[in-house]
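Listed below are the residues making up each chain.
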Amino acid sequence: MGWDRIYGHSKIKEILQGAIMQKRIPNAYLFWGIEGIGKEAVALQLAKVLNCESPIFTKNTVDSCDLCKSCRSADNFQHPNIKFIFPLPAGKTEDKEASPIAKLNDEQIAQIREQLALKSNNPYHQIKLSGNCQIRISSVREIKKDLSLTQTLGGVRCIVISKADEMTAESANAFLKTLEEPSQNTLIILISSRRDEILQTIRSRCQQIYFHQLDDNDIINYLIKYHNISEKEAAIIASISQGSITKAMEFLDKDMLNLKEEVINLLRNALKKKIYRMELIERINNLVKEKDRGKIENALIILQLWFQDAIRISIDPNTDYVVNYDQKDIIMKFLSNFSNTELDLIVLKIEEAINDIYKNVNLQLLLTTLFLYIRKILFSNKL
Amino acid sequence: MSKNIDTQKEFIVTALKWRPQKFSDIICQEHISITLKNAIKNNRLHHAYLFSGPRGIGKTTTARILARAINCLSPIDSEPCNECQNCKNILEGRSLDVIEIDGASNNSVDDIRTLRENAKYPPSQANYKIYIIDEVHMLSNSAFNALLKILEEPPIHLLFIFATTEIHKVPATILSRCQRFDFRRIDINSIVNHLRKIAQNDKINIDDESLFTIAKKSDGSMRDAQSLYDQVVAFCGNEINYASLSDSLNLIDPDFYFTISSATKEKNIKKMLEISREVNRRGYNLHDCLNGLLEHFRNILTIKATGNTSLIDASMDFHNKYIAEAEKFTKEDLLRILQHLNINEQSIRYASQPRLRFEIALIQLAAMDNAVSIQSLIEELKKITEIPNKPEIKYNNSDTKTLPTSVKSHISTQIQDADKKIPDISQKESKENEITIKNNIINADILKNNWDSFVEKYAYSKYKVPIIKQAKPIFFDNTIILIADNNFIFENLITNKNLIKQYIVDFFGQNIDFKIQLIEEETKLNTTIQQENHNLGPENSSHKALTDKENSNLHPAEVKLIELFNAQKLISND
Ligand SMILES: [Zn+2]
Ligand SMILES: [Zn+2]
């Protein structure tokens, strides 16, 4: 039921259920790992199970019923026992005693509502608020105040802190004591994709659980379920998303299938023996005409993966460890024409170019230089 | 009818359950507990103590024990009895005479003023009124000033114990009025022994290799070790062996590194590809992987260089494997491998596709040509390989044996420090004394001679810029130019320019001209490509014009450099 909504992380789910059943839930967890893999989703599910009114037990598992009042209010972020804390924009007043929400204007509050509604529909949604968002001392004060009140409901009070690395120094330090000697029956879950940015004194007080990147298959399934795209496109996106749903989202609506074709045509053109220059420049002009740096980045990532596949196939022609499985024949043909070349240099050069995209360079020049370099490397054995 | 999961927690985290209650329970801080006990015995208490050191090694715990020992009604050999009314009140947090304040949450001047008001009144049931201020570094400036006023003329009944992990944020004026104790990191053996005791008590079977691994990962902090232990128990249950432990902590299996070094030796590219795929499948953190691999090859090099395994930080089971591994490589091979991994370890953080970067790094490892002469690189590399894994930790097992003298000397320096009012943070001042400055010019030799200690200090400091190590410095009077030999290092130096600049000023004590220069090995290649592109439009020519303009007002040092290296791109620090 509830746990089923979460992709991957089977070991972690098993551990957490084990901890519930053996009553070994610590004061605080720190869930860490790259962005977009479901750390918050797992934390919120754990909180839901701990508060469910009729949890479903088997010998080794315990899940939320998803039907009771508690589960439903948990899903809507309305559960009095479950606090979901995330970085908020700065308020108008600097009154430290005021609650963090009280300081925001109507527009900001509407935005928060909207974001929470999205998150409630899709546990993988990333809360995005405008402004300089941090977890300020007012949020920590509110947590402390909540915890100082006597608990009236059953279940476990859960405080899930998203992007815990966005705590200001002031709030992080103020939070230390709460972490070490928390009130009864309380679980704090810190979430972070930048664990190194969290004070060591905080980390040291938590059980830290590392979340893996997701399998490409999980990402494909996610994209099909929540974003209604074709399996073929989902597969391309998954292959360049490094196991992160957040990354995958950046490629949505980008028409990756067409872009891939464009890139491969460009490469094909750059590798013509004769008279390639005019056409190459024309194609490049066409690619950069919207001055969309994100699009160029995607294009170069596709190109990089294509060459990486070429390396893999050149090392082991029978390998199924390729991203562009639809390109295998073309890659084989390419390899027979350009055997014995330093493809690794090309992959690294493309990486360099990707890093240069956002440095205010001329995109046309960047791409032309890159393709001439690729050409130079590939033809160096031939000319 | 609600059937909430029964969570009335029986579980108390190990760090709390095993919190020491007596001086004699505190692990590895004998130099401090003995001194404190003596001070109590001889009734020579200071009015303010400052406990500093990294997290999780017993600062707050010691503060609480000290408070109880001082106010205990029937102390036993200067230890608190933990049973009398005073001890009980303190243990339960109900004492009116021992007040614990979280400096981070009560950091305003008003908080300290309130404290000052209350501190005036003598203790109600005990000899001393004791304030424990934890995380004292978080106090605001005005709060520190208010605190100073009490410390300058403390009432006779008042005693402060401050604790902090960030001593450098405590003002010198406060430091000079405290007796300071530096708590040390706990050595691996002590952690292992303590965890073994805990496990026995919990009836959990855990093997030595697992204990060793937890201890090593916890970096000298007992609390970290205890949190890790809890986590492993939650994952593995009552039977813990190395396999289940590494699974639960997502540790990278050491065998895996041996597979990589074998594949390197055998030049087995196909194997590398399989390893890369496996790494992705298991979801290892790629950066950790490269770090582990660096440590692995450093271990091999250490054995190669010293001929024995006494210096490597690996469990005994692996020592023989390492000896065998060292046979396979020459010293030069190892230096080159380390150089290669080191560059990749840094660049992978910025790679847009880290998986690809990792895979290429492995493939290149197997494709390394060991015939190439690398004499020029070796000097550079020695520096890299000499970095111990975590330079700031010094595990010192011999301390317990030589306790009496070391305690004595330690304390006397502490007190001296306090008397001289030169706190630890004033390193800047002392450095200035070391470096002689004539006419406000620091000459090239002085810069050169002090550069290594500069790098040592800052490359791995809190806001680390290890990239400094990758740059070749060139020194002129009052000028340092850092040469980067590839674009990645160059960009990194540029990104960290202000920080490095700040560090240089801090270290050398005055403003020194500081520039960063890129001299690529591929310069030739780039030039040819640029020539080919010449008909592409205005970008190229405008770039050239800029260089010409820059040329007109060059620093003499830059001119010299340009002659030396036939260089192109200069970025100045303003
Ligand atoms: Zn329910
Ligand atoms: Zn007592």
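Asks: Help me understand the overall build of chain B in this model?
Replies: A tally of helices and strands in chain B yields 27 helices and 11 strands. Taking all 574 residues of chain B together, 53% fall into the buried category. In chain B, the share of contacts with a sequence separation of at least 24, taken over all contacts with a separation of at least 6, comes to 76%. Of the accessible surface of chain B, which amounts to about 27300 Å², a share of 49% is contributed by carbon and sulfur atoms.

Asks: Looking at this structure, how should I read the interface of chain A and chain B?
Replies: The interface is formed by 81 residues belonging to chain A together with 72 residues belonging to chain B. When residues of chain A are sorted by the area they lose upon contact with chain B, A:Lys23, A:Arg24 and A:Tyr321 head the list and together hold 10% of the total. Inspection of the chain A/chain B interface yields seven salt bridges. One salt bridge connects B:Arg357 with A:Glu351, and the closest N-O pair in it is separated by 3.2 Å. The tally of links from chain A across to chain B stands at 18 residue pairs in polar contact (both at pLDDT 80 or more). Top element by residues in the side of chain A that touches chain B is helix α15 (residues 343–356) of chain A. It accounts for nine residues. Broken down by class, the residue content of the side of chain A that touches chain B amounts to 34 nonpolar, 24 polar and 23 charged.

Asks: Even after reading the chapter, I still don't get the coordination of the zinc ion (ligand 1), so can you show me in this structure?
Replies: The textbook angles at a metal center are 109.5 degrees for a tetrahedron of four donors and 90 or 180 degrees for an octahedron of six. Residue and element names in this part refer to chain A. Within the protein, the zinc ion (ligand 1) binds to Cys 52 (SG), Cys 65 (SG), Cys 68 (SG) and Cys 71 (SG); these donor distances fall in the range 2.3 Å. Around the zinc ion (ligand 1), the four donor atoms are arranged such that angles at the metal cover 104 to 121°; this shape is classified as tetrahedral. Given a relative accessible area of 7%, Cys 65 falls into the buried group.

Asks: Please clarify how the packing of helix α8 (residues 188–202) of chain B against helix α10 (residues 222–236) of chain B should be interpreted in this entry.
Replies: In a pair of packed helices, the angle between the axes and the distance between the axes together describe the arrangement. All names here are of chain B. Two numbers describe how α8 lies on α10: the axes approach to 11 Å, and their chain directions differ by 40°. The orientation of α8 relative to α10 falls into the category oblique. The element α8 and its partner α10 pack so that their crossing is right-handed. Where α8 abuts α10, its residues Ser 190, Ile 191, His 194, Leu 195, Ile 198, Ala 199 and Asp 202 lie against Met 222, Ala 225, Gln 226 and Tyr 229.

Asks: Looking at this structure, how should I read the coordination of the zinc ion (ligand 2)?
Replies: All names here are of chain B. The coordination sphere of the zinc ion (ligand 2), as far as protein atoms go, consists of Cys 72 (SG), Cys 81 (SG), Cys 84 (SG) and Cys 87 (SG), spread over 2.2 to 2.3 Å. Taken together, the four donor atoms surrounding the zinc ion (ligand 2) define angles of 101 to 120° at the centre, an arrangement classified as tetrahedral. Along the chain, the residues donating to the zinc ion (ligand 2) are arranged with the sequence spacing C-x8-C-x2-C-x2-C. Of this pair, Cys 72 sits in the loop between α3 (59–71) and α4 (85–91) while Cys 87 sits in helix α4, and the two are 15 residues apart along the sequence.

Asks: Any chance you could explain the confidence of the model for chain B here in plain terms?
Replies: Residues and elements named next belong to chain B. For chain B, per-residue confidence averages 76 on the pLDDT scale, and residues scoring 70 or more make up 74% of the total. In the predicted structure, residues 521–552 sits below a pLDDT of 50 and forms 29 contacts with residues beyond four places in sequence or in another chain. For residues 561–574, every residue scores under 50 in pLDDT, and the model assigns this stretch 35 contacts once sequence neighbours within four places are set aside. Of the two predicted TM-score estimates for the complex, the pTM is 0.68 and the ipTM is 0.74.

Asks: What is the right way to read the pairing of strand β9 (residues 479–484) of chain B from this model?
Replies: On a regular strand, one side chain projects to one face of the sheet and the next to the other, so that they alternate. All names here are of chain B. For β9, a buried count of six out of six residues is recorded, marking the element as mostly surrounded by other parts of the structure. Every second residue of β9 is oriented toward a common face, with Thr 479, Ile 481 and Ile 483 on one face and Ile 480, Leu 482 and Ala 484 on the other, all of them buried. With five bridges connecting them, strand β8 (residues 472–476) and β9 associate as antiparallel partners. By the bridge assignment, Ile 474 is partnered in β9 with Ile 481. Hairpin remark: β8 followed by β9, antiparallel, with two residues in the connecting loop; positive phi at Asn 478, about 60°. Of the strand pairs in this sheet, β9 and strand β10 (residues 513–518) are connected by six bridges, and their pairing is parallel. Considered in β10, the bridge of Leu 482 is made with Ile 516.

Asks: Sorry if this is basic, but what is going on with empty space enclosed by the protein here?
Replies: Any space left empty among the atoms is revealed by the rolling of a water-sized probe across them. Residue and element names in this part refer to chain B. Using the criterion set out here, one finds 10 cavities of 30 Å³ or more in the structure. Empty space within the largest cavity amounts to approximately 400 Å³. Listing elements by their share of the lining of the largest cavity, those giving two or more residues are α3, β4 (158–164) and α10. Per-class residue counts for the lining of the largest cavity are nine nonpolar, nine polar and nine charged. Here the lining of the largest cavity spans two domains, since at least three of its residues come from each of domain 1 (15–182) and domain 2 (188–249).

Asks: Help me understand the sheet that holds strand β5 (residues 157–161) of chain A, please; the structure alone is not making it clear to me.
Replies: Where strands meet in a sheet, backbone hydrogen bonds hold them as pairs that are either parallel or antiparallel. Residues and elements named next belong to chain A. Spatially, five strands are ordered β4-β5-β6-β1-β7 in an open sheet, and the strand pairing comes out parallel. In this open sheet, the two edge strands, each paired with only one partner strand, are β4 (82–85) and β7 (207–210). Direction aside, the axes of adjacent strands within the sheet are offset by 15° on average. Note that strand β1 (residues 28–32) and strand β6 (residues 186–192) share five bridges and pair parallel.

Asks: So what exactly am I meant to see when it comes to unusual backbone geometry here?
Replies: Most peptide bonds take the trans configuration, and most residues that are not glycine carry a negative phi. If you check the backbone angles, A:His9 has positive phi at about 55° while not being a glycine. Here A:His9 is to be found in the segment before α1 (10–21).

Asks: Help me out: how do you make sense of helix α15 (residues 319–328) of chain B in this one?
Replies: Along an α-helix, a turn takes 3.6 residues, which lines up residues three or four apart on a common side. Residue and element names in this part refer to chain B. Among the residues making up α15, those that are buried are His 319, Tyr 322, Glu 325 and Ala 326. Seen along its axis, α15 keeps its buried residues to an arc of 115°; they face one direction. Those residues of α15 that are exposed and angled more than 90 degrees off the buried face are Asn 320 and Glu 327. Residues of α15 that are buried make contact with α12 (254–266) and α14 (286–306).

Asks: Got a minute to help me understand the side chain of A:Asp309 in this structure?
Replies: Counting through the fold element by element, A:Asp309 comes out in helix α13 (residues 293–315). Apart from the residues lying within four places of it in its own chain, the contact partners of A:Asp309 are A:Tyr321, A:Val322, A:Val323, A:Asn324 and A:Ile331.

Asks: Help me out: how do you make sense of the sheet that holds strand β3 (residues 129–134) of chain B in this one?
Replies: Residue and element names in this part refer to chain B. An order of β2-β3-β4-β1-β5 is seen for the five strands of this open sheet, with the pairing classed as parallel. Two strands in the sheet have a free side with no partner beyond their single neighbour: β2 (98–102) and β5 (179–182). In this sheet, neighbouring strand axes are inclined to one another by 15° on average, regardless of whether the strands run parallel or antiparallel. Judged from the five bridges that link them, β2 and β3 form a sheet pairing that is parallel. Each residue of the ladder has a partner; that of Glu 100, found in β3, is Ile 132. Along the sheet, helix α2 (residues 30–41) contacts β1 (48–52) and β5; its crossing angle with β5, the most-contacted strand, is approximately 150°.

Asks: Please explain the side chain of A:Gln115 as it appears in this structure.
Replies: Residues and elements named next belong to chain A. Mapped onto the elements of the fold, Gln 115 is located in helix α4 (residues 106–121). Residue class for Gln 115 comes out buried when judged on its relative accessible area of 9%. With residues near it in sequence (within four places) discarded, Gln 115 still touches His 125, Gln 126, Ile 127, Lys 128 and Leu 129.

Calculation notes
- Residues numbered from 1 in each chain as written.
- Chains lettered and ligands numbered in written order.
- Predicted model: local features only at pLDDT ≥ 70, side-chain atom pairs only at ≥ 80, totals over all residues.
- Heavy atoms only, no water.
- Helix = DSSP H or I, 4+ residues; strand = E, 2+ residues; numbered from the N terminus.
- Buried < 20%, exposed > 50% of the residue type's maximum accessible area, 1.4 Å probe, protein only.
- Contact = heavy atoms within 4.5 Å.
- Areas by Shrake-Rupley, 256 points an atom, 1.4 Å probe, with all protein chains shown as cover.
- Buried area = accessible area lost by both parts, 1.4 Å probe.
- Salt bridge = Lys/Arg side-chain N within 4 Å of Asp/Glu carboxyl O.
- Polar contact = N/O pair within 3.5 Å; in protein donor to acceptor, adjacent residues only side chain to side chain.
- Nonpolar A, V, L, I, M, F, W, Y, C, P; charged D, E, K, R; others polar.
- Donors = N, O, S within 2.8 Å, 3.2 Å for Na, K, Ca; no water.
- Tetrahedral: all angles 85-135°; square planar, octahedral: opposite > 155°, others 65-115°.
- Axes fitted to C-alpha atoms, helices over the stretch in contact; angles between N-to-C directions.
- Parallel < 35°, antiparallel > 145°, perpendicular 65-115°, else oblique.
- Left-handed = near helix turned anticlockwise from the far one by under 90°.
- pLDDT = per-residue confidence, 0-100.
- Pairing = 2+ DSSP bridges.
- 1 Å grid on protein atoms, 1.4 Å probe; cavity = no way out; pocket = protein on both sides within 12 Å on 5 of 7 lines; lining within 4 Å.
- Points joined across faces, edges and corners; volume = space filled by probe spheres on them.
- Domains from an automatic or database assignment.
- Arc of directions from axis to C-beta.

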